[in-house]
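# Survey of secondary and tertiary structure
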Amino acid sequence: MYQVLEDVVPYLPQNKPTYLMGVGTPENILEAVDRGVDFFDCVLPSRNGRHAHVYTSAGKLNLMNAKHKTDDSPIDPKCDCPACRRYSRAYIHHLFKAKEMLAMRLCVLHNLHFYNTMMEEIRLALDEDRFPEYKKQKLEDFKISGK
Ligand SMILES: [Zn+2]
């Protein structure tokens, strides 16, 4: 995908936005922005949220894992979304185990907030001409491998 973007994006009109459909992970988005993509749409934050997979400033978590059963911390201590301000990982873990719809709603809410916040940060970094540094730091923080 990255090679195709490098091959194609330079030939697209510069005065129009470049859209990449169905992408992707936070790493995919950072890499695609670096190759000239302007906007995206993707089911990943909502689909993953419905399966207890949440994105955080330190990487991806699965709230169904037993280690979250008694974890009183929020999904992401650095996040200010309503799910992180009000609920613990342990409570959301319990909601998933009890098959309560609220579990999915809280994780989707958090993931969409995470993606929206990252896109705001990307736009600011581009405006301030420091996107390469932002991308490098973000990828180090995530410790993600594109999965
Ligand atoms: Zn959150």
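Anything mentioned here points back to the structure above.
Small disclaimer: the values here were computed from a predicted structure and weren't measured.

### Here's the deal with the coordination of the zinc ion
When a metal carries six donors in an octahedron, the ideal angles between them are 90 or 180 degrees, while four donors in a tetrahedron ideally lie at 109.5 degrees. Protein coordination of the zinc ion is provided by Cys79 (SG), Cys81 (SG), Cys84 (SG) and His110 (ND1), with donor distances spanning 2.1 to 2.3 Å. Because the angles between the four donor atoms bound to the zinc ion fall within 99 to 119°, the donor set is best described as tetrahedral. Motif for the zinc ion, donor spacing along one chain: C-x1-C-x2-C-x25-H. With Cys84 in helix H4 (residues 82-86) and His110 in helix H6 (residues 101-127), this residue pair connects regions lying 26 residues apart in the sequence. You can call His110 buried: its relative accessible area is 0%.

### As for the environment of Leu20
Within the secondary structure, Leu20 sits in strand E1 (residues 19-21). Counting along the chain gives 19 residues from Leu20 to Met1, while the straight-line C-alpha distance between them is 10 Å. For Leu20, the residues in contact, after removing those within four places along its chain, are Met1, Leu5, Ala32, Val37, Phe39, Phe40 and Asp41.

### Some points on the packing of helix H5 (residues 89-97) against H6
At a closest axis distance of 7 Å, the pairing of H5 and H6 adopts a crossing angle of 135°. On the basis of the axis angle, H5 is oblique to H6. Pair H5 / H6 crosses with left-handed handedness. Residues Tyr91, Ile92, Leu95 and Phe96 of H5 form the contact with H6, whose own contacting residues are Leu102, Ala103, Met104, Leu106 and Cys107. Within the contact of H5 with H6, the residues separate by chemical class into nine nonpolar, no polar and no charged.

### Describing the pairing of strand E3 (residues 53-56)
A regular strand carries its side chains on alternate faces of the sheet. Sheet topology places E3 next to strand E4 (residues 59-62); four bridges connect them, and they run antiparallel. By the bridge assignment for E4, Thr56 is matched with Gly59. Taking the residues between adjacent antiparallel strands as the criterion, E3 and E4 are bridged by two residues.

### Let's talk about H6
With 27 residues, H6 extends 39 Å from end C-alpha to end C-alpha; this agrees with the ideal 39 Å at 1.5 Å per step. For H6, every residue scored as buried is listed here: Ala103, Leu106, Cys107, Val108, His110, Asn111, Phe114, Tyr115, Met118, Met119, Ile122 and Ala125.

### A closer look at the pattern of salt bridges
Enumeration over the complete set of coordinates arrives at eight salt bridges. Among the ionic pairs, Lys138 bridges to Glu121, the shortest N-O distance being 3.0 Å. Of the two residues, Lys138 is situated in helix H7 (residues 131-142) and Glu121 in helix H6; the sequence distance between them amounts to 17 residues. The exposure class assigned to Lys138 is buried, which follows from its relative accessible area of 13%. Using a relative accessible area of 27% as the deciding quantity, one classes Glu121 as partly exposed. Taken together, the salt bridges that share partners define one network made up of Glu6, Glu31, Asp34, Arg35 and Lys135.

About the thresholds
Residues numbered from 1 in each chain as written. Predicted model: local features only at pLDDT ≥ 70, side-chain atom pairs only at ≥ 80, totals over all residues. Heavy atoms only, no water. Donors = N, O, S within 2.8 Å, 3.2 Å for Na, K, Ca; no water. Tetrahedral: all angles 85-135°; square planar, octahedral: opposite > 155°, others 65-115°. Helix = DSSP H or I, 4+ residues; strand = E, 2+ residues; numbered from the N terminus. Buried < 20%, exposed > 50% of the residue type's maximum accessible area, 1.4 Å probe, protein only. Contact = heavy atoms within 4.5 Å. Axes fitted to C-alpha atoms, helices over the stretch in contact; angles between N-to-C directions. Parallel < 35°, antiparallel > 145°, perpendicular 65-115°, else oblique. Left-handed = near helix turned anticlockwise from the far one by under 90°. Nonpolar A, V, L, I, M, F, W, Y, C, P; charged D, E, K, R; others polar. Pairing = 2+ DSSP bridges. Expected span 1.5 Å × (residues − 1). Salt bridge = Lys/Arg side-chain N within 4 Å of Asp/Glu carboxyl O.

Scope: geometric values only; no functional claims are made or implied.
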